[in-house]
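Notes for the structure review
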Amino acid sequence: MKVLLLVATSLLFSAELLLGPAGADPYVIEAVRLPRAVGAVVGGVLLGVSGLLLQTALRNPLADPYVLGVSGFAILTALGSYLLWRLVGLPYLGFYTGALIGALAATVVLLLLASRAGILVVLMTGVLLSYASFSVLQLMLLALPPEELGYIYVGLQGSFAAYLAGVPGVVTALVAFAVIVAVFFNLRHVAVLIHGEEAAAGLGVNAKRAVMYVVGAAAVGVGVTVASVGPVGFIGLLAPHMARWLTGRHRADLVYVETAGLGAALALAADLAVRLLLPRELPVNVLLSLVGAPAAGWLLWRHVRKI
Amino acid sequence: MYVRFDVVKKLGDFTLEASGELRKGLTCVVGPNGSGKTTLFKILAGLLKPDRWAVEYVGVGVRTYVGELYVPPDAIALEVALAGRSRFSSLPVGKRDEEAVRRYMRLLEVEDLAKRRWRTLSGGQRQRVVIAAALASEADLLLLDEPLANLHGDWRSRVMNVLSDYAATGRIVAVTTHHGDVLRCCDFVIALREGRITWSGAAGDYKESLDSSCDRGTKN
């Protein structure tokens, strides 16, 4: 399964590099398609892994950074820090720092809420957080001159084309790699969180530390993704469930590699589709929501039926 | 190796005030509902912070407490049993963990169910998988809260025998139970009532004290 996924992801990556209206022009490949393909892999892997971590720690099969408003709040704080610098002259934290702070705050709030409320309450709170974030964002954009809005709107909708080339792109990819490796080496303890924090502690896991790992990794994962390619949706929901479905396993540490691979494959496939199959390029979220929303609905239906 | 405790914990109207000792072997903690069995176990496992607190763990390396365990309905039984292995390393579970866990599942006769989804298992089967997970931790101190819940007749004494064998390898195993018929498998008994220890000692003596109390007609 892992080998198959590696082959599929490599094929999709090559297709992302080679296919397009400009053909196999080396300059276009290097300057345009390579950053975009790397952005899709980085974003896809981080979102898939963040989704898996959130689903485990929140014990919520529907957890996804986008659905739960973590991505929305991260883009709000990222743009907020930019606007505060532009308009009020406060020191600029940077788009990345802003996104990280937002993702961290949203993740902490959701985890605190999850220890006190049922999974549907957490889910609804996340959805509301997402709505509120995007509304506040729209209001904040009134403060900017109209000629700047075109570029920002693209960023708000999520696009792998926004991934930066050169040193910033390489650094982002390295951070993503570090997160993936750090999570791998703490997975076994994180996986036990599915049984509840107290049960995990009883089984000899340092539950507080495991939760901190989830918070840290999910916040960095979502923050970096949002800052580099915007709030891309549903990969965090789809990749872990596809990994469980393909392997027949459930535990986070037994589907981790597959989840990461499927996240990358999904992101690349979705980007290829919106780039090549449609008469005009659309945001990648359009396609992901078309697949993701029914999948989420199906999962919700299964959950409700079991109650 | 032993655990000596002297703890006080107030929870609303209820106060647990208990001191005693757990020794190598199988200890059964008995008492009616609300007598403080679970509270005592959670304190000994370090999950609950008591108001006054003196617990000495002498020679105890790892301890495991298993009470209620939430399990997602789609998880497979083997994955649940693997939960106990989580303390050993930070890496994802490997083949050797799986083999060790399957050994304990075989002891409890749930190895055939390894690939089954949690929702398809009966209450008794689930209980045996959870006990396998607890044993797979290979802890020096094993605290099991109501391990006989959902188990019927024959299986109650068989599980107690498995726990007794595990304790006989030089470990401390303590269980709470309200099934009087399994006390013969225990080495020691601690009886709790309204937050206080009313009796503790070797299991053989407890049976005699039970009989004598029956003679006096004070049932319970």
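Heads up: the structure comes first, above all this text.
Summary of the structure given here. All of these numbers come straight from a predicted model, not from anything done at the bench.

Side note on the interface of chain B and chain A
Counting residues at the interface gives 34 residues for chain B and 25 residues for chain A. Considering only the side of chain B, the residues that lose the most area to chain A are Tyr-70, Glu-79 and Pro-92 of chain B, jointly responsible for 22% of the buried surface there. Where Glu-98 of chain B meets Arg-249 of chain A, a salt bridge forms, and the shortest distance between an N and an O atom there is 3.8 Å. Taken together, chain B and chain A are joined by 11 residue pairs in polar contact (both at pLDDT 80 or more). Of all the elements in the fold, those that place two or more residues in the side of chain B that touches chain A are strand S5 (63-66), helix H2 (77-82) and helix H3 (95-107) of chain B. Counting residues per element, the side of chain B that touches chain A draws most heavily on S5 of chain B, at four residues. Of the residues that constitute the side of chain B that touches chain A, the class distribution is 17 nonpolar, six polar and 11 charged.

Re the pattern of salt bridges
For the coordinates displayed, the defined rule picks out 21 salt bridges over all chains. Ionic pairing is found between Arg-85 of chain B and Glu-138 of chain B, a salt bridge with its closest N-O pair at 3.6 Å. A residue pair is termed long-range when its members are at least 10 positions apart, and Arg-85 of chain B in the loop between H2 and H3 and Glu-138 of chain B in the loop between helix H4 (123-136) and strand S6 (141-144) qualify at 53 residues. Here Arg-85 of chain B falls in the buried class, since its relative accessible area comes to 10%. The salt bridge partner of Arg-102 of chain B is Glu-111 of chain B, with a shortest N-O separation of 3.9 Å. When its relative accessible area of 21% is taken as the criterion, Arg-102 of chain B is described as partly exposed. Residue class for Glu-111 of chain B comes out partly exposed when judged on its relative accessible area of 22%. In this structure, a network of salt bridges that share partners links the residues Arg-188 of chain A together with Arg-85, Asp-97, Arg-103 and Glu-138 of chain B.

Examining the nonpolar core
All names here are of chain B. In this structure, Met-105, Leu-135, Met-160 and Leu-163 are the most contacted members of the largest nonpolar core, which totals 144 residues. Ignoring anything within four residues of it in the chain, the contact list for Leu-163 reads Leu-26, Ile-131, Leu-135, Leu-144, Pro-147, Val-173 and Val-175. In this structure, Val-3, Leu-22, Val-29 and Tyr-65 belong to the second largest nonpolar core, which totals 21 residues.

Here we look at the state of the cysteines
Residue and element names in this part refer to chain B. Tallied over the full model, the rule gives one disulfide over all chains. Across the disulfide, Cys-28 is cross-linked to Cys-186 (sulfur-sulfur distance 1.8 Å). Across the S-S bond linking Cys-28 and Cys-186, the dihedral sits near -65°, which makes this disulfide left-handed. One end of the pair, Cys-28, is in strand S3 (residues 25-30); the other, Cys-186, is in the loop between strand S7 (172-177) and strand S8 (188-193), and 158 residues separate them in sequence. You'll find Cys-28 and Cys-186 in the same group, each marked buried. The thiol of Cys-185 is unpaired, and the distance to the nearest cysteine sulfur, on Cys-186, comes to 6.4 Å. Relative accessible area serves as the criterion here: at 10%, Cys-185 is assigned to the buried category.

Some remarks on the packing of helix H1 (residues 2-18) of chain A against helix H12 (residues 252-277) of chain A
Residues and elements named next belong to chain A. For the pair H1 and H12, the least separation of the axes is 9 Å and the interaxial angle reads 25°. It follows from the interaxial angle that H1 and H12 lie roughly parallel. For the pair H1 and H12, the crossing hand works out as left-handed. Between H1 and H12, the residues in contact are Lys-2, Leu-5, Thr-9, Leu-12, Phe-13, Ala-15 and Glu-16 and Val-257, Glu-258, Gly-261, Leu-262, Ala-264, Ala-265, Leu-268, Ala-269, Asp-271, Leu-272 and Arg-275, respectively. Split into classes, the residues belonging to the contact of H1 with H12 amount to 11 nonpolar, two polar and five charged.

Comments concerning empty space enclosed by the protein
Residue and element names in this part refer to chain A. Under the defined criterion, the tally for this structure stands at three cavities of 30 Å³ or more. Computed from the structure, the largest cavity encloses a volume of approximately 40 Å³. Residue lining of the largest cavity: Asn-186, His-189, Asn-206, Arg-209, Ala-210 and Tyr-213, and that is the complete set. Per-element tally for the lining of the largest cavity: the top contributor is helix H10 (residues 207-229), with three residues.

So, the side chain of Ser-35 of chain B
All names here are of chain B. Checked against the element boundaries, Ser-35 lands in the loop between S3 and helix H1 (37-45). The buried category is assigned to Ser-35, whose relative accessible area is 1%. A distance of 2.7 Å separates a polar side-chain atom of Ser-35 from the backbone oxygen of Pro-32. Excluding residues within four positions of it along the chain, Ser-35 makes contact with Phe-14, Leu-192, Arg-193, Glu-194 and Gly-195.

Remarks on the packing of helix H2 (residues 26-58) of chain A against helix H11 (residues 235-247) of chain A
Geometry of a packed helix pair, given as the angle between the helix axes and the separation of the axes. Residue and element names in this part refer to chain A. Two elements in contact, H2 and H11, have axes whose closest approach is 7 Å; the angle formed by their N-to-C orientations is 75°. Taken together, the axes of H2 and H11 are roughly perpendicular relative to one another. On H11, the residues that touch Gly-44, Leu-47, Gly-48, Gly-51, Leu-52 and Gln-55 of H2 are Ile-235, Gly-236, Leu-237, Ala-239, Pro-240, His-241 and Arg-244. Looking at the contact of H2 with H11, its residues break down into six nonpolar, six polar and one charged.

Quick word on the side chain of Ser-50 of chain A
Residues and elements named next belong to chain A. Within the secondary structure, Ser-50 sits in helix H2. One polar contact links the side chain of Ser-50 to the main-chain carbonyl oxygen of Leu-46, over a distance of 2.7 Å. Sequence-distant contacts of Ser-50, defined by excluding residues within four places in its chain, comprise Pro-65, Ala-217, Ala-218, Gly-221 and Val-222.

Describing the environment of Gly-118 of chain A
Topologically, Gly-118 of chain A is positioned in the loop between helix H4 (95-114) and helix H5 (119-141). Between the alpha carbons of Gly-118 of chain A and Asn-285 of chain A there is a distance of 28 Å; along the sequence they are 167 residues apart.

Quick word on unusual backbone geometry
With a phi angle near 50°, Arg-59 of chain A is a residue other than glycine that sits in the positive phi range. Tracing the backbone through its elements, the reader meets Arg-59 of chain A in the loop between H2 and helix H3 (70-88). Its identity is not glycine, yet Glu-146 of chain B carries a phi of approximately 50°, on the positive side. With respect to the element layout, Glu-146 of chain B can be found in the loop between S6 and helix H5 (153-168).

The rules behind each value
- Residues numbered from 1 in each chain as written.
- Chains lettered and ligands numbered in written order.
- Predicted model: local features only at pLDDT ≥ 70, side-chain atom pairs only at ≥ 80, totals over all residues.
- Heavy atoms only, no water.
- Contact = heavy atoms within 4.5 Å.
- Buried area = accessible area lost by both parts, 1.4 Å probe.
- Salt bridge = Lys/Arg side-chain N within 4 Å of Asp/Glu carboxyl O.
- Polar contact = N/O pair within 3.5 Å; in protein donor to acceptor, adjacent residues only side chain to side chain.
- Helix = DSSP H or I, 4+ residues; strand = E, 2+ residues; numbered from the N terminus.
- Nonpolar A, V, L, I, M, F, W, Y, C, P; charged D, E, K, R; others polar.
- Buried < 20%, exposed > 50% of the residue type's maximum accessible area, 1.4 Å probe, protein only.
- Core = buried A, V, L, I, M, F, W, Y, C linked by side-chain atoms within 4.5 Å.
- Disulfide = S-S within 2.5 Å.
- Axes fitted to C-alpha atoms, helices over the stretch in contact; angles between N-to-C directions.
- Parallel < 35°, antiparallel > 145°, perpendicular 65-115°, else oblique.
- Left-handed = near helix turned anticlockwise from the far one by under 90°.
- 1 Å grid on protein atoms, 1.4 Å probe; cavity = no way out; pocket = protein on both sides within 12 Å on 5 of 7 lines; lining within 4 Å.
- Points joined across faces, edges and corners; volume = space filled by probe spheres on them.

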